[in-house]
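# Fold and geometry: a report
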Amino acid sequence: MGRRTDTDRILREIESNWGGLVELSPDPVFVVRRDGRYLYVTTACARFLGEERYAVVGKKITDFFQPEEAEGMFEGIEYVFVENQAVQREECFLRHGSARYCLTLLAPICDGGGEVTAVVGVSRDITERKKIEEDLKTSQAQLRRLARHEQAVLEAERARIAREVHDEFGQTLSALKMGLSRIDSRLHDDQKPVAELVRGMSTEIDDLVAKVRALSLSLRPKLLDDRGVCAAIRW
(Lines give C-alpha, C1' and ligand atoms only; values in the text may rest on other atoms or scores of the structure.)
Protein backbone atom coordinates (compact mmCIF):
# COMPACT_ATOMS: atom_id res chain seq x y z
CA MET A 1 0.00 0.00 0.00
CA GLY A 2 2.89 2.32 0.86
CA ARG A 3 4.45 1.92 -2.58
CA ARG A 4 1.14 2.65 -4.30
CA THR A 5 0.69 5.78 -2.15
CA ASP A 6 4.18 7.03 -3.03
CA THR A 7 3.59 6.39 -6.71
CA ASP A 8 0.25 8.18 -6.63
CA ARG A 9 1.90 11.12 -4.89
CA ILE A 10 4.62 11.32 -7.53
CA LEU A 11 2.05 11.13 -10.31
CA ARG A 12 0.07 13.97 -8.72
CA GLU A 13 3.28 16.01 -8.55
CA ILE A 14 3.97 15.34 -12.22
CA GLU A 15 0.46 16.40 -13.17
CA SER A 16 0.40 19.51 -10.98
CA ASN A 17 4.00 20.73 -11.32
CA TRP A 18 5.25 19.33 -14.60
CA GLY A 19 2.21 18.15 -16.49
CA GLY A 20 1.91 21.24 -18.66
CA LEU A 21 5.60 21.26 -19.48
CA VAL A 22 5.75 17.53 -20.15
CA GLU A 23 2.72 17.80 -22.42
CA LEU A 24 4.63 20.25 -24.61
CA SER A 25 7.23 17.61 -25.37
CA PRO A 26 6.84 16.08 -28.84
CA ASP A 27 8.47 12.93 -27.46
CA PRO A 28 6.24 10.32 -25.79
CA VAL A 29 6.54 10.39 -21.98
CA PHE A 30 5.08 7.66 -19.78
CA VAL A 31 5.17 6.14 -16.30
CA VAL A 32 4.76 2.36 -15.84
CA ARG A 33 4.68 -0.09 -12.99
CA ARG A 34 6.87 -3.17 -12.81
CA ASP A 35 4.14 -5.27 -14.38
CA GLY A 36 4.06 -2.93 -17.40
CA ARG A 37 0.82 -1.15 -16.47
CA TYR A 38 0.67 2.47 -17.61
CA LEU A 39 0.14 4.93 -14.75
CA TYR A 40 0.64 8.08 -16.79
CA VAL A 41 1.06 8.98 -20.45
CA THR A 42 1.32 12.23 -22.35
CA THR A 43 -0.79 13.00 -25.39
CA ALA A 44 2.24 12.33 -27.60
CA CYS A 45 2.62 8.89 -26.03
CA ALA A 46 -1.07 8.09 -26.44
CA ARG A 47 -0.91 9.22 -30.06
CA PHE A 48 2.04 6.91 -30.67
CA LEU A 49 -0.01 4.06 -29.21
CA GLY A 50 -2.97 5.01 -31.37
CA GLU A 51 -5.27 5.80 -28.46
CA GLU A 52 -6.55 8.64 -26.30
CA ARG A 53 -4.82 9.21 -22.97
CA TYR A 54 -7.78 7.95 -20.93
CA ALA A 55 -7.80 4.73 -22.98
CA VAL A 56 -4.16 4.00 -22.19
CA VAL A 57 -3.83 4.61 -18.46
CA GLY A 58 -4.51 1.41 -16.54
CA LYS A 59 -3.69 -0.85 -19.46
CA LYS A 60 -0.48 -2.81 -19.92
CA ILE A 61 2.32 -2.63 -22.44
CA THR A 62 1.20 -5.99 -23.79
CA ASP A 63 -2.11 -4.38 -24.83
CA PHE A 64 -0.32 -2.20 -27.38
CA PHE A 65 2.81 -4.03 -28.46
CA GLN A 66 3.67 -7.35 -30.05
CA PRO A 67 5.05 -9.97 -27.61
CA GLU A 68 8.64 -9.64 -28.88
CA GLU A 69 8.40 -5.83 -28.66
CA ALA A 70 6.97 -5.95 -25.14
CA GLU A 71 9.65 -8.41 -24.07
CA GLY A 72 12.37 -5.90 -24.90
CA MET A 73 10.55 -3.15 -23.04
CA PHE A 74 10.13 -5.36 -19.96
CA GLU A 75 13.87 -6.05 -19.98
CA GLY A 76 14.53 -2.33 -19.66
CA ILE A 77 11.92 -1.85 -16.95
CA GLU A 78 13.23 -4.81 -14.95
CA TYR A 79 16.79 -3.47 -15.23
CA VAL A 80 15.71 -0.13 -13.71
CA PHE A 81 13.90 -1.87 -10.84
CA VAL A 82 16.81 -4.20 -10.07
CA GLU A 83 19.69 -1.77 -10.53
CA ASN A 84 17.86 1.39 -9.41
CA GLN A 85 19.48 3.39 -12.18
CA ALA A 86 18.56 4.81 -15.55
CA VAL A 87 19.13 2.98 -18.79
CA GLN A 88 18.91 3.98 -22.44
CA ARG A 89 17.72 1.50 -25.03
CA GLU A 90 17.17 1.46 -28.77
CA GLU A 91 13.92 -0.24 -29.66
CA CYS A 92 12.15 -1.16 -32.88
CA PHE A 93 8.36 -1.24 -33.19
CA LEU A 94 6.12 -2.18 -36.10
CA ARG A 95 3.62 0.59 -36.77
CA HIS A 96 1.22 0.65 -39.72
CA GLY A 97 3.26 -1.94 -41.56
CA SER A 98 6.61 -0.14 -41.20
CA ALA A 99 9.40 -0.28 -38.65
CA ARG A 100 9.76 2.64 -36.27
CA TYR A 101 12.93 3.04 -34.23
CA CYS A 102 12.92 4.74 -30.84
CA LEU A 103 15.66 5.71 -28.42
CA THR A 104 14.10 5.32 -24.97
CA LEU A 105 15.44 6.59 -21.66
CA LEU A 106 14.06 4.78 -18.61
CA ALA A 107 14.63 6.19 -15.11
CA PRO A 108 13.52 5.07 -11.63
CA ILE A 109 10.82 6.72 -9.54
CA CYS A 110 11.65 6.00 -5.90
CA ASP A 111 9.74 6.20 -2.63
CA GLY A 112 10.97 7.92 0.51
CA GLY A 113 13.18 4.96 1.32
CA GLY A 114 14.91 5.02 -2.05
CA GLU A 115 13.13 1.93 -3.36
CA VAL A 116 11.94 1.90 -6.95
CA THR A 117 8.15 2.04 -7.24
CA ALA A 118 7.73 2.90 -10.92
CA VAL A 119 9.64 3.81 -14.06
CA VAL A 120 9.38 6.99 -16.07
CA GLY A 121 10.28 6.77 -19.73
CA VAL A 122 10.93 9.22 -22.57
CA SER A 123 11.07 7.92 -26.14
CA ARG A 124 12.42 9.72 -29.18
CA ASP A 125 11.61 8.57 -32.68
CA ILE A 126 14.94 8.06 -34.46
CA THR A 127 13.55 6.34 -37.56
CA GLU A 128 14.79 9.06 -39.91
CA ARG A 129 18.21 9.01 -38.29
CA LYS A 130 18.38 5.24 -38.68
CA LYS A 131 17.38 5.59 -42.33
CA ILE A 132 20.14 8.14 -42.87
CA GLU A 133 22.62 5.81 -41.14
CA GLU A 134 21.53 2.90 -43.34
CA ASP A 135 21.75 5.05 -46.47
CA LEU A 136 25.22 6.14 -45.39
CA LYS A 137 26.28 2.53 -44.85
CA THR A 138 24.93 1.62 -48.29
CA SER A 139 26.78 4.54 -49.88
CA GLN A 140 30.00 3.58 -48.10
CA ALA A 141 29.63 -0.01 -49.28
CA GLN A 142 29.09 1.19 -52.85
CA LEU A 143 32.15 3.44 -52.61
CA ARG A 144 34.23 0.53 -51.32
CA ARG A 145 33.05 -1.65 -54.22
CA LEU A 146 33.85 1.16 -56.67
CA ALA A 147 37.29 1.64 -55.12
CA ARG A 148 37.98 -2.10 -55.37
CA HIS A 149 36.85 -2.09 -59.01
CA GLU A 150 39.04 0.91 -59.84
CA GLN A 151 41.97 -0.72 -58.06
CA ALA A 152 41.42 -3.93 -60.04
CA VAL A 153 41.29 -1.98 -63.31
CA LEU A 154 44.46 -0.10 -62.35
CA GLU A 155 46.26 -3.31 -61.42
CA ALA A 156 45.19 -4.93 -64.69
CA GLU A 157 46.52 -1.98 -66.68
CA ARG A 158 49.78 -1.96 -64.72
CA ALA A 159 50.10 -5.70 -65.31
CA ARG A 160 49.55 -5.22 -69.05
CA ILE A 161 52.19 -2.50 -69.24
CA ALA A 162 54.58 -4.59 -67.15
CA ARG A 163 54.16 -7.56 -69.50
CA GLU A 164 54.69 -5.39 -72.56
CA VAL A 165 57.82 -3.81 -71.08
CA HIS A 166 59.19 -7.18 -70.05
CA ASP A 167 58.27 -9.08 -73.20
CA GLU A 168 58.97 -6.54 -75.93
CA PHE A 169 62.01 -4.79 -74.51
CA GLY A 170 63.32 -7.96 -72.90
CA GLN A 171 63.09 -9.97 -76.07
CA THR A 172 64.66 -7.21 -78.15
CA LEU A 173 67.56 -6.78 -75.75
CA SER A 174 68.06 -10.53 -75.51
CA ALA A 175 68.20 -10.75 -79.30
CA LEU A 176 70.75 -7.92 -79.42
CA LYS A 177 72.94 -9.65 -76.85
CA MET A 178 72.79 -12.93 -78.74
CA GLY A 179 73.80 -11.08 -81.91
CA LEU A 180 76.74 -9.45 -80.15
CA SER A 181 77.78 -12.80 -78.75
CA ARG A 182 77.85 -14.28 -82.25
CA ILE A 183 79.86 -11.33 -83.51
CA ASP A 184 82.30 -11.68 -80.62
CA SER A 185 82.77 -15.38 -81.33
CA ARG A 186 83.76 -14.66 -84.95
CA LEU A 187 86.31 -11.97 -84.23
CA HIS A 188 90.00 -12.72 -84.76
CA ASP A 189 92.80 -11.99 -82.37
CA ASP A 190 93.87 -8.99 -84.44
CA GLN A 191 90.39 -7.43 -83.93
CA LYS A 192 90.86 -6.81 -80.23
CA PRO A 193 89.52 -3.17 -80.26
CA VAL A 194 86.34 -4.34 -81.94
CA ALA A 195 86.03 -7.24 -79.49
CA GLU A 196 86.33 -4.87 -76.52
CA LEU A 197 83.70 -2.61 -78.05
CA VAL A 198 81.34 -5.56 -78.58
CA ARG A 199 81.85 -6.81 -75.04
CA GLY A 200 81.28 -3.31 -73.66
CA MET A 201 78.02 -3.08 -75.56
CA SER A 202 77.05 -6.52 -74.22
CA THR A 203 77.67 -5.31 -70.66
CA GLU A 204 75.54 -2.24 -71.25
CA ILE A 205 72.77 -4.46 -72.59
CA ASP A 206 72.98 -6.55 -69.39
CA ASP A 207 72.54 -3.37 -67.36
CA LEU A 208 69.61 -2.34 -69.53
CA VAL A 209 67.98 -5.77 -69.15
CA ALA A 210 68.27 -5.43 -65.36
CA LYS A 211 66.67 -1.97 -65.49
CA VAL A 212 63.83 -3.25 -67.68
CA ARG A 213 63.24 -6.12 -65.24
CA ALA A 214 63.22 -3.69 -62.29
CA LEU A 215 60.79 -1.40 -64.12
CA SER A 216 58.49 -4.33 -64.86
CA LEU A 217 58.56 -5.46 -61.23
CA SER A 218 57.89 -1.93 -59.99
CA LEU A 219 54.79 -1.78 -62.14
CA ARG A 220 53.56 -5.14 -60.85
CA PRO A 221 55.66 -7.12 -58.38
CA LYS A 222 55.58 -10.84 -59.10
CA LEU A 223 54.61 -11.32 -55.46
CA LEU A 224 51.31 -9.60 -56.26
CA ASP A 225 50.43 -12.39 -58.66
CA ASP A 226 51.68 -15.09 -56.31
CA ARG A 227 50.30 -13.98 -52.93
CA GLY A 228 48.08 -10.93 -53.39
CA VAL A 229 48.09 -7.23 -52.51
CA CYS A 230 48.93 -7.44 -48.79
CA ALA A 231 52.00 -9.61 -49.34
CA ALA A 232 53.17 -7.34 -52.16
CA ILE A 233 52.88 -4.27 -49.93
CA ARG A 234 54.90 -5.93 -47.16
CA TRP A 235 57.46 -6.94 -49.80
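Heads up: these notes are all about the structure in this document. Predicted, not measured: the structure shown is a model, and the values here were computed from it. (Residues numbered from 1 in each chain as written. Predicted model: local features only at pLDDT ≥ 70, side-chain atom pairs only at ≥ 80, totals over all residues. Heavy atoms only, no water.)

## Here we look at the state of the cysteines
To be explicit about the condition: Disulfides are defined as cysteine sulfur pairs within 2.5 Å.
Taken as a whole and assessed by the stated rule, the structure comprises zero disulfides. Unpaired in this structure, Cys-92 has its nearest cysteine sulfur neighbour in Cys-102, at a distance of 8.7 Å.

## Let's talk about the nonpolar core
So the rule is basically this: Each nonpolar core is a collection of buried residues, namely Ala, Val, Leu, Ile, Met, Phe, Trp, Tyr and Cys, held together in the definition by side-chain atoms within 4.5 Å. The cut-offs for exposure are 20% and 50% of the maximum accessible area for each residue type, with area from a 1.4 Å probe on protein chains only; residues under the lower value are buried, those over the upper are exposed, and the others partly exposed. Every helix listed is a DSSP run of H or I at least four residues long, and every strand listed is a run of E at least two residues long, numbered separately from the N terminus. The criterion used for residue contact is that any of the two residues' heavy atoms lie within 4.5 Å.
Ranked by internal contacts, the top residues of the largest apolar core, which has 22 residues, are Tyr-38 and Phe-65. Residue assignment for this core shows that the elements contributing at least two residues are β1 (29-32), β2 (38-41), α2 (43-49), α4 (67-83), β3 (87-95), β4 (98-110) and β5 (116-125). Here this core gets five residues from one element, more than from any other, and that element is α4. Not counting residues up to four positions away in its chain, the partners in contact with Phe-65 are Tyr-38, Phe-48, Leu-49, Ala-70, Met-73, Phe-93 and Arg-95. By size, the runner-up hydrophobic cluster in this structure holds eight residues, among which are Leu-180, Leu-187, Ala-195 and Ile-205.

## Concerning unusual backbone geometry
Located in the positive-phi region is Asn-84, a residue other than glycine, with phi close to 55 degrees. Structurally, the position occupied by Asn-84 is in the loop between α4 and β3.

## Let's talk about the packing of aromatic side chains
Basically, it comes down to this: The aromatic pairing rule takes the rings of Phe, Tyr and Trp, using the six-membered ring of Trp, and pairs them if the centres are within 6.5 Å, calling planes under 30 degrees apart stacked, those over 60 edge-to-face and the rest tilted. Consider the ring centre and the ring normal. A charge sits over the ring if Lys NZ or Arg CZ is within 6 Å of that centre and within 35 degrees of that normal.
Following the criterion strictly, the structure yields four aromatic pairs and no others. Ring centres of Phe-30 and Tyr-38 lie 6.2 Å apart, and the angle between their planes is 85 degrees; this geometry places the pair in the edge-to-face category. Owing to a relative accessible area of 7%, Phe-30 belongs among the buried residues under this scheme. Accessibility expressed as a relative area gives 3% for Tyr-38, which makes it buried. Through a chain of ring-to-ring contacts, the aromatic side chains of Phe-30, Tyr-38 and Phe-64 assemble into a single cluster. For the cation-ring pair, Lys-130 lies above Tyr-101, with the distance from its terminal atom to the ring centre recorded as 5.3 Å.

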